[in-house]
Amino acid sequence: MNLDKLKTTQGLDVHGKRVLVRADLNVPVQNGEVTDATRLERLAPGLLDLADRGARVVVISHFGRPKGGPAPEFSLKPIAAKLAEILKRPVAFAEDCIGPAAEAAVNALSPGQIVVLENLRFHKGEEKNDPEFAKALAALGDIYVGDAFSSAHRAHASTEGVTHYLPSYAGPLMMEEIEALRSALDRPDRPTAAIVGGAKISTKIPVLMNLVSKVDKLIIAGGMANTFYLAQGVDVGKSLAEPDFKETALEVMKAAKAKSCEVILPPDAVVATELKAGVVTKTVPILEVPSDCMILDVGPKSVEHFTDVLTRCRTLLWNGPLGAFEISPFGEGTFALAREVARLTKARKLVSIAGGGDTVAALNEAGVAQDMSYVSTAGGAFLEWLEGRELPEVRGVVHRLRSAEGEDHAVPN
């Protein structure tokens, strides 16, 4: 997939055109109020740009996982209201995303106005990538803009299907995400490092196998590090581990060696007899984990060692916490390293790119998310990109570049 062929709407005359924007409005809502508007805030500049250029902006998105049809608790109406607050201009709302209600709302738009259509997942055709549903969506626009990188890994009607029927472009947030990841994986300043944390190696095998061919240093932490220890004959006590994946861990290490990628594991750990807030803990060398304890965080020597490695790198990609950060005090290792990464980033010694829900939450809790070079809003799409997989929405925009007249200009791999 030739990502250099991605087109945006910059330079395109959109005045009076119906621009169908696939956004990600899937944000946390409690009691009808948006509790975290980060995704909306990052989407806003792209919507304002289109509106200010005279486009008739039609925003489509999913929200949550409604079962079988419309459900009030999954309506996008309160999110549309929050978006209007952020944009500081009116945002209309349609009670459906296809059919008469959607058509009337779109037809009522004047140049520069914005409407949000109701939850795409109220229709089964969305997740099934049903061609008829995709056609019905496409009928509401003259141009399609994919600006939902966090949903780009799903081959749904609104992300992939609709690109068959409309001139398709990448939105600014989509481009921002892709450029950040390409800068870390395809054209980085070297040496490069990746931190991969999280609970299980089984969920990140493709990520690890792809990264060993991309980076110079691979720091593995969190629960998945325990499986690597097991593979090397280290007793990890009662720690979370996956004995069935010991061979996989050895394969990752062998592949890393063949690619001259150094795999780095934590030299010490914070352990406890149970995962509970306020439990008694102790810090031990990794070879001295008590048989009745579990590894729940990295220790200070690990943070010091990882920091030393990163001071000799120019680019960092981070996915996954180093420990059970949600429960105090097992986030201290993650927070301490996050502060060191922020320090190196602010000193312009390191380009730092992070992504994944837990990673972003940990960086926010450490108070340093704003100091990273780039923090992705994506979860599954971020991971699939790290695996080296093509994302359906991105593929749709790249492979089916169309002129404003609707002629197909397929771009071969």
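In what follows, the structure referred to is the one given above.
What comes next concerns the included structure. (Residues numbered from 1 in each chain as written. Predicted model: local features only at pLDDT ≥ 70, side-chain atom pairs only at ≥ 80, totals over all residues. Heavy atoms only, no water.)

Turning to the side chain of Glu242, a few remarks are in order. Along the polypeptide, Glu242 turns up in the loop between α8 (223-231) and α9 (246-258). There is no salt bridge for the buried Glu242, and the closest opposite charge comes from Lys200, which lies 5.2 Å off by N-O distance. From its side chain, Glu242 meets the backbone nitrogen of Ile201 in a polar contact 2.9 Å long. Within the local environment of Glu242, its side chain forms a polar contact with the side chain of Ser202, the two groups lying 2.6 Å apart. Ignoring anything within four residues of it in the chain, the contact list for Glu242 reads Lys200, Ile201, Ser202 and Thr227. (Helix = DSSP H or I, 4+ residues; strand = E, 2+ residues; numbered from the N terminus. Buried < 20%, exposed > 50% of the residue type's maximum accessible area, 1.4 Å probe, protein only. Lys, Arg positive; Asp, Glu negative; His and termini not counted. Salt bridge = Lys/Arg side-chain N within 4 Å of Asp/Glu carboxyl O. Polar contact = N/O pair within 3.5 Å; in protein donor to acceptor, adjacent residues only side chain to side chain. Contact = heavy atoms within 4.5 Å.)

On to the pairing of strand β7 (residues 143-146), then. Residues Ile143 and Val145 point to one face of β7 and Tyr144 and Gly146 to the other, with burial holding for every one of them. Pairing between strand β1 (residues 18-22) and β7: 4 bridges, direction parallel. Its bridge partner being in β7, Arg22 is matched across the sheet by Gly146. Both β7 and strand β8 (residues 168-170) contribute to a ladder of 3 bridges, which runs parallel. Residue pairing in the sheet places Gly146 in a bridge with Ala170 of β8. (Pairing = 2+ DSSP bridges.)

This paragraph deals with the sheet that holds strand β17 (residues 374-375). Strand order in this open sheet of 6 strands is β11-β10-β9-β15-β16-β17, and the pairing throughout is parallel. Looking at strand neighbours, the two that pair on one side only are β11 (262-264) and β17, the edges of this open sheet. Here strand β15 (residues 315-319) runs beside strand β16 (residues 351-354); their pairing, made up of 4 bridges, is parallel. Of the residues in β16, the one forming a bridge with Leu316 is Ser352. Of the strands in this sheet, β15, β16 and β17 are in contact with helix α6 (residues 172-185), which crosses β15 at around 115°. (Axes fitted to C-alpha atoms, helices over the stretch in contact; angles between N-to-C directions.)

It is worth spelling out the sheet that holds strand β14 (residues 294-298) at this point. Read from one edge to the other, the open sheet built from 3 strands follows the order β13-β12-β14, with strand pairing classed as antiparallel. The sheet is open, and its two borders are formed by β13 (282-285) and β14, each paired with just one other strand. Direction aside, the axes of adjacent strands within the sheet are offset by 45° on average. Across the face of the sheet, helix α10 (residues 300-311) comes into contact with β12 (268-272), β13 and β14 while running at roughly 45° to β14.

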